[in-house]
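# Structural description and commentary
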Amino acid sequence: MKYQRSSALFDEANQYIPGGVNSPVRAFKSVGGVPVFMKYAKGAYLTDADDNTYIDYINSWGPAILGHTHPEVLEELKIQAEKGFSFGAPTELETEIAKFITGNVPNIDQIRMVSSGTEACMSAIRLARGFTGRDKIIKFEGCYHGHSDSFLIKAGSGAATFGNPNSPGVTSGTAKDTLLARYNDLEQVKDLFANNQEKIAAVIIEPVAGNMGCVLPENNFLQELRKICDENGALLIFDEVMTGFRLAFGGAQELYGVKADLVTYGKVIGGGLPVGAFAARNEIMDHLAPKGAVYQAGTLSGNPLAMRAGLKTLQIIKNDAGFFSRLEKTTEILDTEISKILTEKGLAHTINRQGSMMSVFFDSENVSDFDEAQKANHDTFNRFFHHMLTNGIYLPPSGYETYFISDAIKENEIEMTLEAVRKFESL
Ligand SMILES: *Cc1c(COP(=O)(O)O)cnc(C)c1O
């Protein structure tokens, strides 16, 4: 494959955009090389600036769960665009999507729309603090909850890729209110509560982590967190920005049967347009402005184009009874078959998977927390990434990311993917 045009575009972008990209992980820093500039996306495929095509396993980091540019969503967007792009005033459509989501997701009565997952998580902890009157939060190493100050502490993903999980610019005053625990380590959480009695407002977690690679909760971790939060009067926040409408319509709450107090959404909820949301039962949401005292706002929150794309995407998913089992089946086949091929090649690996999220770690040991994700062989991952890319398979460009399988990936795409894996030469 040739990348001349991407290469030239990246050089030019570097003059006007910091690092040439508007979000760090796109720069291929972790895997090396020049990022591929895209120009079209349709179904399972992306086309880059040099006219190379790829089967997409990133899917815009999750939103394109139906595959790219789904015709029904596109039609909705065209109809809405004719009516207006943004009103800065309430619309019936916002109630429609709120009603649809609260009616189909467990444990939430009200939902507030924002424009990104970052905003959703940032607002959710403000609300948790306002509601409980406490300052501290517990987060887990390797979990990413967007780039607001409180969360940029062992934040996985892009931050981990760059090796400086604690970003300059985050004040020590802010950092001191974020307590860290190891994912899947209940004892650490218990210790933190014991040492910070009546100071902890909330525990926030990715119920299935996707920002240190895909890491699953083990030994009823989520159920146990629920108990600990109840015993200590703290709120349990599920960051379902990745898992919401992906692992099940009701996300990890539904899949694991655990009730969170606050839930954040993003990615799939906007169907490819910039949307985030946070939701909870009435008792908590009533504290939010303009009804309550906890302030939160957004010029483009509930934007009609974004709401149209989101609602249509969610309706398509909801009306398709076989949707989640189909995605899971595709992912299971990829997991099993990739694993077989890597084993034949004598390559140590662990594949973690839940629903349509999965990642391949080049490590023979289990990966159940951030330290273990770091121990995997990231050099092999980087070579694997570039091999797959030049064979037309677009994987996330970091060993700390998750593959997002879309409904557009069918037998043909699976076979092409496996064929590319077969050609991988381990050193
Ligand atoms: C992507 C992500 C976010 C941040 O969402 P943005 O829309 O990128 O701000 C927050 N939490 C999780 C779990 C995510 O995967």
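One can find the structure itself at the top, above this paragraph.
The following refers to the structure shown. (Residues numbered from 1 in each chain as written. Predicted model: local features only at pLDDT ≥ 70, side-chain atom pairs only at ≥ 80, totals over all residues. Heavy atoms only, no water.)

### A word on the site of the ligand
The cut-off we apply is this: One heavy atom within 4 Å of a molecule or strand makes the whole residue count as near it. Counting of polar contacts relies on pairs of N or O atoms within 3.5 Å, with two restrictions inside protein: one atom must be capable of donating a hydrogen and the other of accepting it, and residues adjacent in sequence are counted only when both atoms are side-chain atoms. All accessibility values rest on the Shrake-Rupley procedure with a 1.4 Å probe; residue burial counts only the protein chains present in the view. Residue polarity is assigned by list, with Asp, Glu, Lys and Arg as charged and Ala, Val, Leu, Ile, Met, Phe, Trp, Tyr, Cys and Pro as nonpolar; anything else, Gly included, falls into the polar class.
The ligand sits among Ser116, Gly117, Thr118, Tyr144, His145, Gly146, Glu206, Asn211, Asp239, Val241, Met242 and Lys267. In the environment of the ligand, a nitrogen atom lies 2.6 Å from a nitrogen or oxygen atom belonging to the side chain of aspartate 239. In the model, an oxygen atom of the ligand is placed 2.6 Å from a nitrogen or oxygen of the lysine 267 side chain. For the ligand, whose free accessible area comes to 380 Å², the fraction covered by protein is 83%. Taken together, the residues that form the shell around the ligand break down as three nonpolar, six polar and three charged.

### Section: the sheet that holds strand 13 (residues 393–394)
The strands making up a sheet associate through backbone hydrogen bonding, with each pair oriented either parallel or antiparallel. Where we set the bar: The rule for pairing is simple: two strands pair if DSSP sees at least two bridges between them. Here a strand is any run of E in DSSP of at least two residues, a helix any run of H or I of at least four, and the numbering for each starts at the N terminus.
Taken in spatial order, the four strands of this open sheet run 1-2-3-13, and their pairing is mixed. Where the open sheet ends on each side, the last strands, each with one partner, are strand 1 (38–42) and strand 13. The sheet contact formed by strand 3 (residues 53–56) and strand 13 spans two bridges and is parallel. Looking at strand 13, one finds that isoleucine 55 is bridged to isoleucine 393.

### With respect to the sheet that holds strand 12 (residues 357–361)
To keep it simple, the criterion reads: The criterion used for residue contact is that any of the two residues' heavy atoms lie within 4.5 Å. Fitted lines through C-alpha atoms give the axes, limited to the stretch in contact for helices. The angle between two N-to-C directions lies from 0 to 180 degrees.
Taken together, the three strands give an open sheet; going across it, the order is 11-12-14, and neighbouring strands pair in antiparallel fashion. Either end of the sheet is taken by a strand with one partner, and the two such strands are strand 11 (350–354) and strand 14 (403–404). Two strands pair when backbone bridges link them, and strand 11 and strand 12 are joined in this way by five bridges, in the antiparallel orientation. The partner of threonine 350 across the bridge, within strand 12, is phenylalanine 361. Relative to strand 11, helix 12 (residues 323–344) is tilted by about 175 degrees, and along the sheet it contacts strand 11 and strand 12.

### Some thoughts on helix 11 (residues 304–318)
Applicable threshold: Take the residue count of a helix, subtract one, and multiply by 1.5 Å to get its expected span. Whether a residue is buried, partly exposed or exposed follows from its accessible area with a 1.4 Å probe, protein chains only, as a fraction of its type maximum: under 20%, in between, or over 50%, in that order.
Given a rise of 1.5 Å per residue, 15 residues ought to cover 21 Å, and the 21 Å separating the end C-alpha atoms of helix 11 matches this to within 8%. The buried fraction of helix 11 is high, at 12 of 15 residues. Here helix 11 has its buried residues at Pro304, Leu305, Ala306, Met307, Arg308, Ala309, Gly310, Leu311, Thr313, Leu314, Ile316 and Ile317. Taken together, the buried residues of helix 11 touch helix 2 (71–83), helix 3 (92–104), strand 4 (110–114) and helix 12.

On their own, these measurements won't tell you what the molecule is for.
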